[in-house]
Amino acid sequence: MNTPAQNPKRQIVLDAIRHLDHVLPGQAPIHDFVHHNTLHGFQHLPFEQALAEFTALTGIDCYLPEAQFRQFHAQGRISDADIDAALNDYLADAGPVAASNGSDNAPTRRQFYRQALLSDLSPLNPAQLTWQLQESDLLQQPDARALWETVLDRLELTLPELHPEQLLDLSREQAETWLSNAGVSLPSARKDLELQAVRGLFDQVGDSLTLRGLLLALTGTDILENVRPRLIKLCASVLDEGQAAWRLPQRQTLGLYKAWRQTLPHDAEALFQDLTDWPQLVDALPEAAGDAIVQQLEMAGIPCERWAGYLERLALELPGWSGLLNWRQTHPDYSAEGQSQTLLADYLAIRLILDQACLQAFAKATWRCPMHIGKLQAYFEKNNAEVAVRHAVFGGQLPEYLQQAGQSLVADNPRDNRPWQVLTERIHTWQHSPLAGQTGGIHANTQGWQLFRLCRDLGLRAAELSQLPKAQLLNWLTLIEAFTPSHRQRVWLDAYERHYQQDLLQALHANHNRGRWAQRRQAPQAQIVFCMDDREEGIRRHLEELNPAVETLGAAGFFGVPMHYQGLDDAHATPLCPVVVTPSHTVREQSRPERALLLKRHKRRNSIKLALGRLIFHGLRRGVLSSAPLIGIAAPFTLAGLLLKSFTPKQQQRLLQQAGHTLGAQVETHLQFQAEHPAVPATPQNPRLGFTDSEQAERIAAFLKNTGLTYGFAEIVVLMGHGSMSQNNPHLAAYDCGACSGRHGGPNARLFAAMANRAEIRQLLLEHNIDIPEHTWFIGAEHNTCDEDITWYDSADIPAARLPAFQRFVAEMEHAQRMSAHERCRRLASAPRKPTPAQALRHFLNRAADFSQARPELGHATNAAALVGRRSLTQGAFFDRRLFLISYDPTQDPEGTILEGILLAVGPVGAGINLEYYFSTVNNERLGCGSKVPHNLTGFCAVMEGAGSDLRTGLPKQMIEIHEAMRLQIVVEAKTTVLEKIYNRQESLRELIGGGWVHLSSKDPDSGEIFVFRRASGFMPWQAADKPLPLRDNSPDCYREETLPVAPMLIKQPSFSGEPG
Amino acid sequence: MDACWILWVPCLPTLAAALIGGLHFLRLISGETDERLTARISVTAISFSALLALTALASTDSGSIADNLIYGTWLSSGHLNIGFSLRNSGFNVGLAALFSLLLLVVMRFSVNYLHREAGFHRFFFILNLFAAAMLLLVLSGNAVFTFIGWEVAGVCSYWLIAYAYDRPIAVHNATRAFVTNRVGDGGFLLGIALSLIWLESADWQVINQHAADLARGDANLLAWCFALAACAKSAQIPFTPWLARAMEGPTPSSAVFYGGVMIHAGVFLLIQLQALFNQAPLAMLLLAIVGGLTAVYGYWVGLSQTDIKSAQVYATSAQLGLMFLECGLGFWQLAGWHLCAHAVVRCYLLLTAPSILHATQCQAVRPVSPRWADCRWAFMVSLQRGWLEQALDWMLVKPIQQLAKDMRDIDERIIDPALGVPAPTIKAISSLAEWEERRMGANLDSDEDSFARGSGLAGKLAEWTAALMNWFEYRFILRGIGRDSISWGRRLGRRANRFEHLLLSPRYLVLFVLITLMVALGYAS
Ligand SMILES: [Zn+2]
């Protein structure tokens, strides 16, 4: 066998496949869902360029529709000032332009562009124009009527008044006028044009078309309909992680392609699909997938230089499946099964072979010509009339009478050229009639209508217009045309983001020096560190409002202790840290030694629980005879369970839990995190069980320094991880902690607290200049962001002296939980309106236990900004749960080394979450995964729609409905000089910030001045507008009665003795 | 005791459907704001239905209700008398109670699950209609009304598979499922017709009571007709593949149609007719064989299904196969209990299908035994679902499609032109090129001097007709401008050739033979 080096052709294929990593979706299997930039492969480009290139490649629009932006404008979510500012930036980028108009009082380019944004200036088709003229009341007012007449007059246009059927018999006069309009009409000249069209079409193969696409364009037949079911079943069988009992034989030893080849003698599909050449095709298949790709591409006659494009296009036809195969290929350590790692090549080879079989059969039946691109092209160059008809019919632009004639001709498919010729003539005639959507020339429905809308919206009158020459009017339209839809959407997005940015910065400006704990002159009553998550902003605010003596902080929710964690009931350890980090340590949860008996019962209960789950969800579908009696036994319980679950979900859940408790109670545990063999080095490749003392101290110190919590320790310091529990939700991991790779962050909080409570560690911390007083006690906890429940870890270990403080704090948290639920109700249509806090909490308890809820919670739907700095910046204002809050004290970090670390961690995580939400929102059908309603979990690794679709990646509609699709605003409390240095040092930050994937601003820690980073010019001072922010008594006053996003407001601050005013 | 109120069990959902459908049609309810109203109407109606059905069930047990409630006559002609009546036997009422409870659960489930879906009101309209149809189906005392319920439920299933009608796959699959089910309808209708002819009634009770009076052959034929209907509805071999195609709809509708309620209608029909089947041993044998085969097929194919809905669906058809087997072996009571238990459990499993990932904590299902795991042919049979559907397509659908295409061709080529295509207006032109040609005096039609030619009998006939027409036109109408009729005649000749060619193709020969045979048989009998 040849090595790739000896076989240049195969090398081309392998290179092309490697490149696919950039264009395919990078989503992991669904249980490991972690937010990432949907366009990760384009992140090295500036935002606008990346979107444009992606759209050019896939045809997927990556901005919100213009109509949506216009609606925002109408709602006041985008103001005129925002549009002007965004347009100024755009025009400054575009550079100076030659004077576009003759007279002085004519509108400027700015005005034109502005109008192009605000009004819908898209051309109409003739039928739409007729409708506008006859049915809409737009032209009923005399002013508008006069303007319309003037436009027609100035542009020397007449209205077409024709019905398509009339084209069946033309009069001489009509023919003569149209022919004089049309440039080329002689049959010979037209033949040249048609030949060009044929060549153009075939040139697209390997660029924007596959052969399947070519066939679809020419015959309306999609061979993927035949290929897809076979291909999908095969891929699913290989990728499955345990849903099917029987999977492709020998897939581990042989790999997908070879194992598939072995099954071919038993594959009867070809027989039923009448694929006549199938046996010969199979016999000729080479051993290796790479060779098969080469063979198939050569067989189809695709030139070498287009192979890469062809394979890319092929992979993008089923991006979900290709993407998951690619993910498995690029993560070889993922599962023990994936021993053969050339999945994508295998898949492409099989796809090409199946395609080829169908294409050959089809081409032979239709044209008696093999599916070879050269031969087919030659055939069509000879039969150019046929290709012209087919193109027109399946391009879908024809009026009904021609469409019918075309379709029956295609169905008839005569080999004689004459009928095709006749129909081409008729199509050609129609294309020259005023009824067709013409490409060249000036027409009433295109330029006429556009100019009319433009003048009307600009407020020009008929009298003014009649003074202007035709050339100038047309010039206006050319000017506007240069402002293409994607550029307009870009300006709209800038304006939209600017609106929020101004609100945000205005609030930060107004809140200057209002927040507490900029300096801890005395120790707070309690401190609590939450995850930076935007969902925690509300609960923090409510806690602070209840007790101003509590300080809250935010940090990435793995609390600086990356680990492989194995819970008491887990089969194996899983990493709890950001995806980019590979932990070097393992931590296990173990029962306390005195609880051996309980542990036994617990284990038994757990195995029973698991066995029951397997029996119900696997057993009842796996067996036939065995499950029949089981069904009989289970039915009464199931019916009772179903009825209870439907009417009182929480009670049903409690009942189940109680039933579980009778089998064996929850056993008390602790974490085993102390290194038993400190001498063994801990590496990502060989993780060591437990941390040494110095490792512990280092991690604690680093985390405390990051958050600025190096002094002023309270009696109680709580670390609050988070996770989300809900039912019937394959996307569950997408609601969990992003800083813990889409898992629950409680164990990290618990580990941190356990480490920080050790006297040895506190001793070591002194070396790091951190003096934790003896009376301080750390407590780990986990917040369930869905039903607001809080689990407190190791509360049995709390010293008796700390208990009163702890109990008081728990009571305060209970209030905050209720208020957080109260605040969340307003965004959910199915939640009670105007609930009491207790009702609100009850609602969420039921909601999380309700198996019919497709929206158990809303996830990160409100994320819009990330704030790196002290809580005093934001505390005192209402930010509507839209901020990631990361604690950082610039006064302790003059060089910016800590900040650098924070930005390197927070930037990608925040941008990943935000950009995934952005793309899933702007185009939920193509970049998100659509509605959850028809989703069907496949192979434990992804969802399909129905029983045989592409895999759907991205976020479901139910998660993004209320999201505002805008890029993340990062605001850092730091000197611009420090930030500039970091920016220059860090390539990855330059990519994000300089590429415009996030927006950066800074607030000076001393002066409070705000600077906005501009890509072209760096940090620019920001001017606050002279308008006071509304001041409210408390949070509920800010959001009461509101169901839409609320702009930032100030909240009255209590006078609090421990703080400077 | 009079218990006319049982009528309300199917009527309440009907009223709810009419109300929602009517209000939605008149645009009085639409969009998110009115979701609450629609949900309230639906849940209230089905709740009361369930309550009534449960009450009726309790009363049946205490024996206080008559067995059949007659509400009136629907059709009466000569000996024929079709009444509208509801049955009150324990099994019917029990099933009505169970189904209405499951429907209640699913309606409540859908309120949240379909929140903010564009088709919310449409979905609830269909679901209510379906509830009404199913309750009528199980309660009706007469085959005609059972059939009405049967059909309406089928249409509802079609609508909900095609719920996302903007996805071509969904619509295609819906149509496939719908068409397959129509085969069963043929059986049902024939069954009704036969019982009307032989027994002068379509009352289930009459059919069952008088089954013993029928000749053996007649009883077998009648039972076969209903068995065919049951097989199609309950996805028995060879109809099984439609069930897998039905998984395109929203999760709750999959659960209630193919897990909980409708899919069991076939088994219900069998149990309803147990007295008839007991008189028809051949039909019983057929049931046992079909059921056994389906159980094996469902199990075999189910092993390699990688998505949860398909896996559940094949498990469903395997269990239904067992029920058919039980019926075929005469264990009617067992089949009845099996039906009820399976309806509940499968409905639950489909409603909670998305949670399998977390309920099993990603633990794999027990793999097939190593002896079979590497057996390629057996695996391919499982993966490609036994080629059942493809084989049927190949044997039945393709030839029929071809036949339909030929019919259309005949219509388009022979009948339409013969029945009068408008003669082209003399001066008008149909394309610019034609006009240009005329202007330049080009004569593209030079080959037309050779007059229209056909071969064979039909060809000659056409040729002569064209010649006659041409002569006629030339002489009396066009006075020298006869080009159009010449080309017309030529076209006619070509078509006639094609027609002859068609007639000689094998499928038509077969068709002719069949028709001849049928006519002969008709006269003979
Ligand atoms: Zn988090």
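The following paragraphs examine the structure supplied in this document. Predicted, not measured: the structure shown is a model, and the values here were computed from it.

Things to note about the coordination of the zinc ion
Residue and element names in this part refer to chain A.
Line of reasoning, step 1. Looking at the zinc ion, the protein donor atoms are Cys531 (SG), His722 (NE2) and Cys737 (SG), and they sit 2.0 to 2.3 Å from it.
Line of reasoning, step 2. Expressed as a motif, the donor residue spacing for the zinc ion is C-x190-H-x14-C. One end of the pair, His722, is in strand S8 (residues 716-723); the other, Cys737, is in the loop between S8 and helix H33 (746-756), and 15 residues separate them in sequence.
Line of reasoning, step 3. Residue His722 is classed as buried on the basis of its relative accessible area of 0%.

Here we look at the pairing of strand S11 (residues 865-869) of chain A
Residue and element names in this part refer to chain A.
Line of reasoning, step 1. S11 sits mainly inside the fold: five of its five residues count as buried.
Line of reasoning, step 2. Burial along S11 is two-sided: the face carrying Ala865, Leu867 and Gly869 and the face carrying Ala866 and Val868 are both buried.
Line of reasoning, step 3. Of the strand pairs in this sheet, S11 and strand S17 (residues 968-973) are connected by four bridges, and their pairing is parallel. Bridge pairing in S17 links Leu867 to Val971.
Line of reasoning, step 4. Sheet topology note: the S11/strand S13 (residues 883-887) ladder contains five bridges and is parallel. Looking across to S13, one finds that Ala865 is bridged to Leu883.

Focus on the interface of chain B and chain A
Line of reasoning, step 1. With 100 residues of chain B in contact, the opposing surface of chain A contributes 105 residues.
Line of reasoning, step 2. Roughly 9300 Å² of surface becomes buried between chain B and chain A when both sides are summed, with 63% attributable to carbon and sulfur atoms.
Line of reasoning, step 3. Taken together, the connections running from chain B to chain A amount to three salt bridges.
Line of reasoning, step 4. For B:Glu117, the salt bridge goes to A:Lys957, with nearest N and O atoms at 3.2 Å.
Line of reasoning, step 5. The class makeup of the residues in the side of chain B that touches chain A is 54 nonpolar, 24 polar and 22 charged.

Thoughts on the pairing of strand S2 (residues 550-555) of chain A
All names here are of chain A.
Line of reasoning, step 1. Of all six residues in S2, six are buried; the element is thus mostly enclosed.
Line of reasoning, step 2. Of the two faces of S2, the one carrying Val550, Thr552 and Gly554 and the one carrying Glu551, Leu553 and Ala555 are both buried.
Line of reasoning, step 3. Note that strand S1 (residues 526-531) and S2 share six bridges and pair parallel. Its bridge partner lying in S2, Val529 is registered against Leu553.

Conventions used here
Residues numbered from 1 in each chain as written. Chains lettered and ligands numbered in written order. Predicted model: local features only at pLDDT ≥ 70, side-chain atom pairs only at ≥ 80, totals over all residues. Heavy atoms only, no water. Donors = N, O, S within 2.8 Å, 3.2 Å for Na, K, Ca; no water. Helix = DSSP H or I, 4+ residues; strand = E, 2+ residues; numbered from the N terminus. Buried < 20%, exposed > 50% of the residue type's maximum accessible area, 1.4 Å probe, protein only. Pairing = 2+ DSSP bridges. Contact = heavy atoms within 4.5 Å. Buried area = accessible area lost by both parts, 1.4 Å probe. Salt bridge = Lys/Arg side-chain N within 4 Å of Asp/Glu carboxyl O. Nonpolar A, V, L, I, M, F, W, Y, C, P; charged D, E, K, R; others polar.

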